Amino acid sequence: MIGRMSIPGRMPGLNEYVRAERANRYAASKMKREQTERAGIAAVEQRMPKFPGRVEVAFTWVEPNRRRDMDNVAFAKKFILDGLVRAGVIKDDTPRYVAGLSDRFEYDAASPRVEVEVRSA
């Protein structure tokens, strides 16, 4: 079984998260909550199937430009995985349920987004 979804726009990276965490005691927590909800809503709206067993998750990070480091961008997978759990798409994001993660990077100034593919492992 395979499920695909797209999250429009750019997600915050590690640098933005750390900056928020240092700026205000609750800012990073708010950012995580908002981004996790954003990913969960995308999963529900795009009718992602529910996976009862182990999965592999592939992320395609479509950035508007090459300014951010790949590892900084891919940090947002934490928000997305937690959103998939919250939406009931996957049972948990532990190794018991997630067999592997992969990242690809593309660039499109007109349509930045994150494309997520979940497939049974």
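Residues numbered from 1 in each chain as written. Predicted model: local features only at pLDDT ≥ 70, side-chain atom pairs only at ≥ 80, totals over all residues. Heavy atoms only, no water.

## Section: the pattern of salt bridges
Worth spelling out the cut-off: We count a salt bridge whenever a side-chain nitrogen from Lys or Arg sits within 4 Å of a carboxyl oxygen from Asp or Glu. Throughout this description, buried means an accessible area under 20% of the type-specific maximum (1.4 Å probe, protein chains only), exposed means over 50%, and partly exposed covers the range between.
A complete count under the given rule lists 13 salt bridges for this structure. In this structure, R10 and E16 form a salt bridge, with 2.3 Å as the shortest nitrogen-oxygen distance. Residue classification places R10 among the partly exposed residues on the basis of a relative accessible area of 36%. The salt bridge partner of R68 is E63, with a shortest N-O separation of 2.9 Å. Like E63, R68 is buried. Among the charged side chains, a network of salt bridges with common partners joins R10, E16, E63 and R68.

## Overview of the sheet that holds strand β4 (residues 113-120)
Threshold: Strand pairing is assigned whenever DSSP detects at least two bridges linking the two strands. Secondary structure follows DSSP: runs of H or I at least 4 residues long count as helices, runs of E at least 2 residues long count as strands, and numbering of each begins at the N terminus. To obtain each axis, a line is fitted to C-alpha atoms, and for helices this fit is confined to the stretch in contact; angles are then taken between N-to-C directions over 0 to 180 degrees. Two residues form a contact once any of their heavy atoms are found within 4.5 Å.
Read from one edge of the open sheet, four strands run β1-β4-β2-β3, paired in mixed fashion. The sheet is open, and its two edges are formed by β1 (2-8) and β3 (98-107), each paired on a single side. Within this sheet the neighbouring strands show an average axis-to-axis angle of 15°, counted without direction. Set on the sheet, helix α4 (residues 77-86) makes contact with β1, β2 (55-63), β3 and β4; between it and β2 the angle comes to about 130°.

## Focus on the pairing of β4
In this structure, β1 lies alongside β4, joined through seven bridges in antiparallel fashion. Paired with G3 across the strands is V118, a residue of β4. In this sheet, β4 lies alongside β2 in antiparallel orientation, the contact comprising eight bridges. Each bridged residue has a counterpart across the sheet, and for W61 the counterpart in β4 is V114.

## Describing the side chain of E63
Within the secondary structure, E63 sits in strand β2. Sequence-distant contacts of E63, that is, excluding residues within four places in its chain, are made with R10, R68, V73, E106, Y107, D108 and P112.

## Examining the nonpolar core
Cut-off, in case you're wondering: Residues belong to one nonpolar core when they are buried, are Ala, Val, Leu, Ile, Met, Phe, Trp, Tyr or Cys, and are joined through side-chain atoms within 4.5 Å.
Formed by 30 residues in total, the largest nonpolar core has its most connected members in M5, I80, L84, V116 and V118. Elements with a contribution of two residues or more to this core: β1, α1 (14-23), α2 (27-45), β2, α3 (70-74), α4 and β4. The greatest single-element share of this core, amounting to five residues, is contributed by α2. What I80 contacts, discounting residues up to four positions off in sequence, is M5, I7, M11, A39, F59, W61, V114 and V116.

## So, the packing of aromatic side chains
Rules: Classification of ring pairs rests on two measures: the distance between centres of Phe, Tyr or Trp rings, Trp counted by its six-membered ring, which must be within 6.5 Å, and the angle between planes, read as stacked under 30 degrees, edge-to-face over 60 and tilted in between. We call a charge positioned above a ring when the Lys NZ or Arg CZ atom is no farther than 6 Å from the ring centre and deviates by at most 35 degrees from the ring normal.
All chains considered together, the criterion is met by four aromatic pairs. Taking 6.3 Å as the distance between ring centres and 55° as the angle between the ring planes, the aromatic pair formed by Y17 and F79 counts as tilted. Here the residue Y17 occupies a position in helix α1, and F79 occupies one in helix α4, the gap between them amounting to 62 residues. For the residue pair Y17 and F79, the accessibility class agrees, reading buried in each case. Between F75 and F79 the ring centres are 5.6 Å apart and the planes differ by 85°, which places this aromatic pair in the edge-to-face class. Accessibility expressed as a relative area gives 1% for F79, which makes it buried. Between R66 and the ring centre of Y107, over which it is positioned, the NZ or CZ distance is 4.1 Å.

Keep in mind that these numbers describe shape and distance, not what the molecule does.
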